[in-house]
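Coordinate analysis (summary)
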Protein chains: 2
Amino acid sequence: MAQKNTLQFIILGLLSQESMTGYELTQSFAHEIGEFWQAKHSQIYPLLNKMEDQQLISHVDEVTGTKLAKKRYSITQQGDDVLQEWIAEPTDFISSSKDEFILKLYFIKDKNDKRLTSMFNEQIRLHKEWLQHLKSRNEDLFNKRSQQNAQFGHYLILNHAIDREQNYVQWLETQFNNL
Amino acid sequence: MAQKNTLQFIILGLLSQESMTGYELTQSFAHEIGEFWQAKHSQIYPLLNKMEDQQLISHVDEVTGTKLAKKRYSITQQGDDVLQEWIAEPTDFISSSKDEFILKLYFIKDKNDKRLTSMFNEQIRLHKEWLQHLKSRNEDLFNKRSQQNAQFGHYLILNHAIDREQNYVQWLETQFNNL
DNA sequence: TTAAAACATGTAATTAATTACATGTTTTAA
DNA sequence: TTAAAACATGTAATTAATTACATGTTTTAA
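Calculation criteria
- Residues numbered from 1 in each chain as written.
- Chains lettered and ligands numbered in written order.
- Predicted model: local features only at pLDDT ≥ 70, side-chain atom pairs only at ≥ 80, totals over all residues.
- Heavy atoms only, no water.
- Domains from an automatic or database assignment.
- Contact = heavy atoms within 4.5 Å.
- Buried area = accessible area lost by both parts, 1.4 Å probe.
- Salt bridge = Lys/Arg side-chain N within 4 Å of Asp/Glu carboxyl O.
- Pairing = 2+ DSSP bridges.
- Helix = DSSP H or I, 4+ residues; strand = E, 2+ residues; numbered from the N terminus.
- Axes fitted to C-alpha atoms, helices over the stretch in contact; angles between N-to-C directions.
- Least-squares fit on C-alpha atoms with pLDDT ≥ 70 in both.
- Buried < 20%, exposed > 50% of the residue type's maximum accessible area, 1.4 Å probe, protein only.

1. Things to note about the domain arrangement of chain A
All names here are of chain A.
- Domain annotation for chain A reports domain 1 (6-88) and domain 2 (100-178).
- A C-alpha centroid distance of 29 Å is found between domain 1 and domain 2.
- Taken together, the five residues of domain 1 in the interface contact ten residues of domain 2.
- Contact between domain 1 and domain 2 buries roughly 700 Å² in total, counting both sides, with carbon and sulfur atoms accounting for 54%.
- On the domain 1 side of the interface with domain 2, the three residues burying the most area are Glu32, Glu35 and Phe36, jointly 86% of the side's total.
- Joining domain 1 to domain 2, the criterion identifies two salt bridges.
- Ionic pairing is found between Arg137 and Glu32, a salt bridge with its closest N-O pair at 2.7 Å.

In structure tokens:
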């Protein structure tokens, strides 16, 4: 891929909420953010350096224990300007959603193909599991309405992830029953 | 990105249904396939050459009019073996879905943020428009049940695209009304 | 107390994908 | 008849992203 470096804006967005280390930023992609964008530490660390050069972010050094060095990054005024600009600009939804399972279905021409049953079963299991995971995340984070309002964006996207997953499972089951 | 070259399998899958030119393959990504994977001609043409070197596909030359040269590609036995292997292997759903709009929401902490209304309105418009497009595609292609069975995979993924889009619009509207 | 898991930060090599450049033919609609 | 749109195939340069390598510290659980 090679677009306009969305990752950069995500990092700015995360840092606009609180200062974080590269490790913590990486962790974000294991949670809700990861439902809507993916990145590994090997992409994040170099990008942090680049962004600091551009003065979009800055860091202070920290030490845990006696030796473990960390860099805690914060967003700068310049960085926030760039972030706000990104949020304000129109979002063309270019459905960059990639779904290998659905693609595989496309290539199965015969409705009675033997492989369909096990393929659907596997996907249903995976997605149900994931849905369950998301739901318990939701209970952990937002069991009180006050928490929903305090972190509105976070609540919204987890809510969307659950909704999406729920619909996916439902679709899989409907189609499975029609086979 | 740098995974296991899914595009290659998609090309094999498309060619397993009928022989196609690079241009026609490219066109596929403007239609249903494009809902679940994206690729441009500049990635497709070089890959076709590579795949022909590996004897996964082969081509015959064609001429339209008096001069317009085309290469019509077909899948080889080897290619079909590779395709079947890909379909058979378990599909880890690593939700590589990227959604900038949802990410932007994450970074809006305040439920009363002025920007939310126009952002939601814009997305609702875009997604409704796209949903409409998908629905008319569906009517054009699959108005008869016989056509659904003849191209089962195609029917399934278009059906899924519509279902997904419908759910997305519904979610947007629900959240919008809650603002 | 010790081993494993989690925390923490990086670089090198490679691949996937995009953007931009490049050129020409055929069909369609005004 | 002519101009625009669609058809058709490619390459070059660059960027985004992954995989693999590399090293060390702190915390947790057995």
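2. Some words on the pairing of strand β3 (residues 68-75) of chain A
All names here are of chain A.
- One ladder, built from two bridges, connects strand β1 (residues 20-21) with β3; its direction is antiparallel. If you follow Met20 over to β3, its bridge partner there is Tyr73.
- Relative to β3, strand β2 (residues 57-64) runs antiparallel, the two sharing eight bridges. Its bridge partner being in β3, Val63 is matched across the sheet by Ala69.
- A loop of three residues connects β2 with β3, the two strands running antiparallel in sequence, and Gly65 in this loop sits at a positive phi of about 65°.

3. A few points about the sheet that holds strand β2 (residues 57-64) of chain B
Residue and element names in this part refer to chain B.
- Spatially, β1-β3-β2 is the arrangement adopted by the three strands of the open sheet, whose pairing is antiparallel. Sheet topology places β1 (20-21) and β2 at the edges, where each strand pairs with a single neighbour.
- This element, helix α1 (residues 6-17), spans β1, β2 and β3 (68-75) of the sheet and lies at about 95° to β3.

4. A closer look at the relation of the copies chain B and chain A
- Between chain B and chain A, which share one sequence, the superposing operator has a rotation angle of 180° and an axial displacement of 0.0 Å; the RMSD is 0.0 Å. Classification of the inter-copy transformation places it as that of a two-fold axis. Looking at the rotation axis and the C-alpha trace of chain B, the residue lying nearest is Ser97 of chain B, at 2.1 Å.
- The overlap is high: 100% of the interface residues of chain B also sit at the interface in chain A, so the same surface is used on both sides.

5. As for the pattern of salt bridges
- The full count for this structure, using the stated rule, is 18 salt bridges over all chains.
- Put simply, Lys4 of chain B and Glu89 of chain B hold a salt bridge, and the shortest N to O gap is 3.4 Å. Pair noted here: Lys4 of chain B is in the segment before α1 and Glu89 of chain B is in the loop between α4 (77-88) and β4 (96-98), with a separation of 85 residues, a long-range link.
- Glu89 of chain B sits in the partly exposed class, given a relative accessible area of 32%.
- Via salt bridges that share partners, Lys4 and Glu89 of chain A together with Glu100 of chain B belong to a single interconnected network.

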